[in-house]
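One letter stands for each residue in the lines below.
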Amino acid sequence: MSPAPDAPSPDEQRRIDEIADAIRALDTPAPAGLRERVEAMAAGASDADHGAVDSDRGASDAIAARLAHGVALASRSPAAC
Amino acid sequence: MRRLDPQAVVRHLDRLYRAAWALCGSREDAEDLVQETVARVLARPRRLHGEEELGYLLGALRNTFLSTRRTASRRPQTVAPLEEVVAGDPRASRQPEAAYEAHELFAAIARLPEEFRLALIAVDVAGLSYREAGRLLEVKEATITSRLHRARARVASDLAGTNAPASESALMEDR
């Protein structure tokens, strides 16, 4: 059976496979500054999630307050580019 | 149905960052996008409706990207400096066997038309299964397969400098 007219040539297919492998192998980590900010926000949300507040409204307010605190902390240590 | 653990954003941060970079085409924009997404997700308790944590977070990332881009499109446009455009072109003297730099790959992905870009990011960058990607993008698995194939071919052509079927310019699309 002949290949479809728009099917890639073997060389093209090899390049496409190389690209796919290269993309899947990308392991660039998040910058340290971003990680610090995200960890601060997640810690605040976790505390509120497991904390003393038990109504959804109360939990939301507490999470929002802790998030604001986390962002404020993070804004004092901007990420290095 | 279960609650999203807030620590999930930390566990999946690296993958979210890479997906954001591929969406935006720049590291700086990716940082902003991830932080905005995390702030939105954690602003109130979230429930997972059968999906995995990463799938949920990627959906939030995509939604935040689309909404912030709509907002940005209503602001006055800025023009990229010429040196930025020239320096960002990875195609000169590309050898087939050369290793690809991460920024080249991310930039090439960011130049893809949106439907191809999202499929490629979901599967190749973030590591979702075809099934999870189909659920995330609300298309059939076969559609993911097709879009993925075409996305990879376009990225390969782009990096080889063979002028793949025209895609939107990253400068126009994402700013």
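Residues numbered from 1 in each chain as written. Chains lettered and ligands numbered in written order. Predicted model: local features only at pLDDT ≥ 70, side-chain atom pairs only at ≥ 80, totals over all residues. Heavy atoms only, no water.

J.: Tell me about the packing of aromatic side chains, residues and numbers included.
T.: We describe a pair of aromatic rings using the distance from one ring centre to the other and the angle between the two ring planes. All names here are of chain B. Tallying each qualifying case throughout the model produces 2 aromatic pairs over all chains. Ring geometry for Y17 against W21: centres 6.0 Å apart, planes inclined by 50°, an arrangement best described as tilted. One end of the pair, Y17, and the other, W21, are both in helix 2 (residues 13–24), 4 residues apart, so they sit about a helical turn from each other. Take Y17: its relative accessible area is 2%, and that puts it in the buried class. Taking relative accessible area as the criterion, W21 reaches 7% and is therefore assigned buried. (Phe/Tyr/Trp six-rings, centres within 6.5 Å; stacked < 30°, edge-to-face > 60°. Helix = DSSP H or I, 4+ residues; strand = E, 2+ residues; numbered from the N terminus. Buried < 20%, exposed > 50% of the residue type's maximum accessible area, 1.4 Å probe, protein only.)

J.: Which residues make up the environment of B:R40, and what values go with them?
T.: Residues and elements named next belong to chain B. Residue placement: R40 occurs in helix 3 (residues 27–42). Its relative accessible area of 35% is what places R40 among the partly exposed residues. Linking R40 and P113, residues 73 residues apart in sequence, is a C-alpha distance of 26 Å. In this structure, R40 is in contact with R46, T64, S67 and T68, ignoring residues within four places of it in sequence. (Contact = heavy atoms within 4.5 Å.)

J.: If you had to explain the side chain of A:T28 to someone new, which residues and values would you point to?
T.: Along the chain, A:T28 falls in the loop between helix 1 (10–24) and helix 2 (32–50). Given a relative accessible area of 17%, A:T28 falls into the buried group. Contact partners of A:T28, with chain neighbours within four places excluded, come to B:D14, B:Y17, B:R18, B:W21, B:A102 and B:F106.

J.: Outline helix 1 of chain A, supporting the account with residue identities and numerical values.
T.: Taking 1.5 Å per residue as the helical rise, helix 1 of chain A with its 15 residues ought to reach 21 Å, and the 21 Å between its terminal C-alpha atoms agrees with that figure. In this structure, the buried residues of helix 1 of chain A make contact with helix 6 (102–110), helix 7 (114–125) and helix 9 (141–160) of chain B. (Expected span 1.5 Å × (residues − 1).)

J.: Could you give an account of the interface of chain A and chain B, with specific residues and numbers?
T.: Each side of the interface is counted separately: chain A has 33 residues, and chain B has 38 residues. Summed over both partners, the interface of chain A with chain B comes to about 3200 Å²; 66% of that surface belongs to carbon and sulfur atoms. Of all residues in chain A, the largest losses of buried area upon contact with chain B belong to A:R15, A:I23 and A:L26, amounting jointly to 18% of the total for that side. Our count for the chain A to chain B interface comes out at 3 salt bridges. Between A:R24 and B:D124 there is a salt bridge whose closest N-O contact spans 3.4 Å. Linking chain A with chain B are 9 residue pairs in polar contact (both at pLDDT 80 or more), by the criterion used here. Those elements giving two or more residues to the side of chain A that touches chain B turn out to be helix 1, helix 2 and helix 3 (56–75) of chain A. If you tally residues by element for the side of chain A that touches chain B, the top one is helix 2 of chain A, at 11 residues. Residue classes in the side of chain A that touches chain B are distributed as 21 nonpolar, 4 polar and 8 charged. (Buried area = accessible area lost by both parts, 1.4 Å probe. Salt bridge = Lys/Arg side-chain N within 4 Å of Asp/Glu carboxyl O. Polar contact = N/O pair within 3.5 Å; in protein donor to acceptor, adjacent residues only side chain to side chain. Nonpolar A, V, L, I, M, F, W, Y, C, P; charged D, E, K, R; others polar.)

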